[in-house]
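If you want the building blocks of each chain, they are given just below.
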Amino acid sequence: MNKEQTITGVIRGTGACVPKRILDNKEIAGFVDTSDEWIRERTGVRRRRIAEKETTVSMACEAGRQAVEEAGISPDEIDMILVATGSPDQIFPCTACRVQEALGADGAVGFDLNAACSGFLFAYNTAQAYITSGICRTVLVIGSESISRLVDWTDRGTCILFGDGAGAVLLQAAEGKTYRPAAHSDGSGGAALTGPGVRNRIRSIDKDGRESKTEYITMNGKDVFQFAVRKVPQVIQEVLERNELFLEDIDWFVLHQANARIVDAVARRLRLDIGKFPMNLQDYGNTSSASIPILLNELNRKGVLKKGQKLVLAGFGAGLSWGASVLDWDLER
Ligand code: UT7
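Residues numbered from 1 in each chain as written. Predicted model: local features only at pLDDT ≥ 70, side-chain atom pairs only at ≥ 80, totals over all residues. Heavy atoms only, no water.

A. Here's a closer look at the sheet that holds strand 4 (residues 80-84). With mixed pairing, the 5 strands of this open sheet are ordered in space as 1-7-6-4-5. The outermost strands of the open sheet, each flanked by one partner alone, are strand 1 (6-17) and strand 5 (109-113). Going across the sheet, the axis of each strand differs from the next one's by a mean of 20 degrees, ignoring polarity. Bridging between strand 1 and strand 7 (residues 165-176) involves 11 bridges; their strand directions are antiparallel. Within strand 7, the position partnered with Ile-11 by the bridge is Leu-171. Seen against the sheet, helix 4 (residues 95-103) touches strand 4, strand 5 and strand 6 (138-145) and runs at an angle of roughly 130 degrees to strand 4. Packing of helix 5 (residues 119-132) onto the sheet brings it into contact with strand 1, strand 4, strand 5, strand 6 and strand 7, and relative to strand 1 it is tilted by some 140 degrees. (Pairing = 2+ DSSP bridges. Helix = DSSP H or I, 4+ residues; strand = E, 2+ residues; numbered from the N terminus. Axes fitted to C-alpha atoms, helices over the stretch in contact; angles between N-to-C directions. Contact = heavy atoms within 4.5 Å.)

B. Looking closely at the site of the ligand. Near the ligand lie 22 residues; those nearest to it are Thr-34, Lys-222, His-256, Asn-259 and Asn-286. Contacts to the ligand include Thr-34, whose side-chain N or O atom sits 2.6 Å from a nitrogen atom. Trp-38 has a polar side-chain atom sitting 3.4 Å from a nitrogen atom of the ligand. Expressed as a share of its isolated accessible area of 950 Å², the protein-covered part of the ligand is 72%. (Near = heavy atom within 4 Å. Polar contact = N/O pair within 3.5 Å; in protein donor to acceptor, adjacent residues only side chain to side chain. Areas by Shrake-Rupley, 256 points an atom, 1.4 Å probe, with all protein chains shown as cover.)

C. Fine view of helix 10 (residues 291-301). Of all 11 residues in helix 10, 10 are buried; the element is thus mostly enclosed. Listed as buried for helix 10 are Ser-291, Ile-292, Pro-293, Ile-294, Leu-295, Leu-296, Asn-297, Glu-298, Leu-299 and Asn-300. The first or second residue beyond helix 10 is Gly-303, which carries a positive phi of 75 degrees. (Buried < 20%, exposed > 50% of the residue type's maximum accessible area, 1.4 Å probe, protein only.)

D. Structural context of the side chain of Asn-300. With respect to the helices and strands, Asn-300 occurs in helix 10. With a relative accessible area of 1%, Asn-300 lands in the buried category. A distance of 2.8 Å separates polar atoms of two side chains, one belonging to Asn-300 and the other to Thr-14. Apart from the residues within four sequence positions on either side, Asn-300 is in contact with Thr-14, Glu-70, Leu-305, Trp-329, Leu-331 and Arg-333.

What follows is the structure, encoded as structure tokens:
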């Protein structure tokens with residue numbers, strides 16, 4: 001083994017599953033006061049997928065199954081299944097246990113991890129920690145969301161942004177360079193983006209017999225936007241410095257797909273060509289923890305990613321939370 005080489009988690013397969021139902025901007029403009037033009041200009045989103053029959057579990061299972069299939073391994077080789085989700089079908093059993101059963105991954109331990117839109121990145125880092133420490137050899141990491149179920153479809157400030165779906169990567173221990181991630185949380189900014197609480201699911205009945213209002217996602221879009229545009233370039237620089245790399249060493253910057261204007265602004269702040277920042281949010285909207293693995297899968301299946309290329313993944317969102325990780329792409333298609 002080369003001195004610089006250590007055991008690291010290498011992506012051996014990817015997968016994705018999005019719901020069948022397509023909801024385009026024009027249709028949204030039919031029930032809230034907005035327009036296709038406004039949504040496209042302010043967000044880049046043209047359409048998104050909405051889970052009807054699909055669930056967070058079913059999409060996670062399908063995305064995971066594809067990643068395992070591409071890796072060419074047997075499900076019983078999987079040591080761990082991590083599912084990042086902020087919109088599980090149930091609080092427990094966790095989504096990962098349902099995936100474990102469905103895939104027949106009898107030897108795997110599974111648990112969910114919630115860091116909102118940063119969830120996949122943090123789950124990926126967790127998987128790497130288990131692999132580099134020698135505890136696990138094979139880890140399936142999934143981001144799956146039915147976030148449309150948490151959205152207030154009368155609130156034009158949020159409903160235009162989000163979509164449902166799942167993405168997955170299968171990591172396996174191999175000789176390679178281990179990169180240190182950069183990840184942060186700032187709970188003091190938590191009010192900028194919130195989801196429903198458990199206590200609000202226990203519906204109370206008021207004295208007139210009316211049920212209390214169900215809570216939805218609330219967002220101060222401007223605050224989240226400014227936070228993302230400030231913190232994402234910083235954390236990308238931080239992860240590169242930590243690993244003695246430069247911006248020029250990176251072939252692709254795979255960012256959480258929240259808003260095309262955020263991705264544009266990050267590229268501009270880093271003085272990089274926008275062509276290095278692939279996007280698919282025009283088709284799927286913001287799928288929260290699923291956006292990075294859905295995009296990775298698309299780039300992988302289209303043969304855009306080449307063996308030996310270096311990628312930076314960067315996530316950000318509610319918490320507030322944000323982070324970036326570096327990886328060497330090792331899949332040949
Ligand atoms: O995954 C991480 C989570 N979230 C994000 O990353 C979201 C980050 N933020 C954003 O993407 C943007 O802030 C939004 C897309 C949510 C909003 O865009 P914006 O350019 O920040 O708009 P704004 O909230 O400043 O609103 C500008 C105007 C307002 O009207 P006035 O007060 O100027 O008359 C809004 O009422 O646009 C109005 N507006 C809309 N108009 C048509 C807000 N939403 C809509 C809408 N259609 N859907």
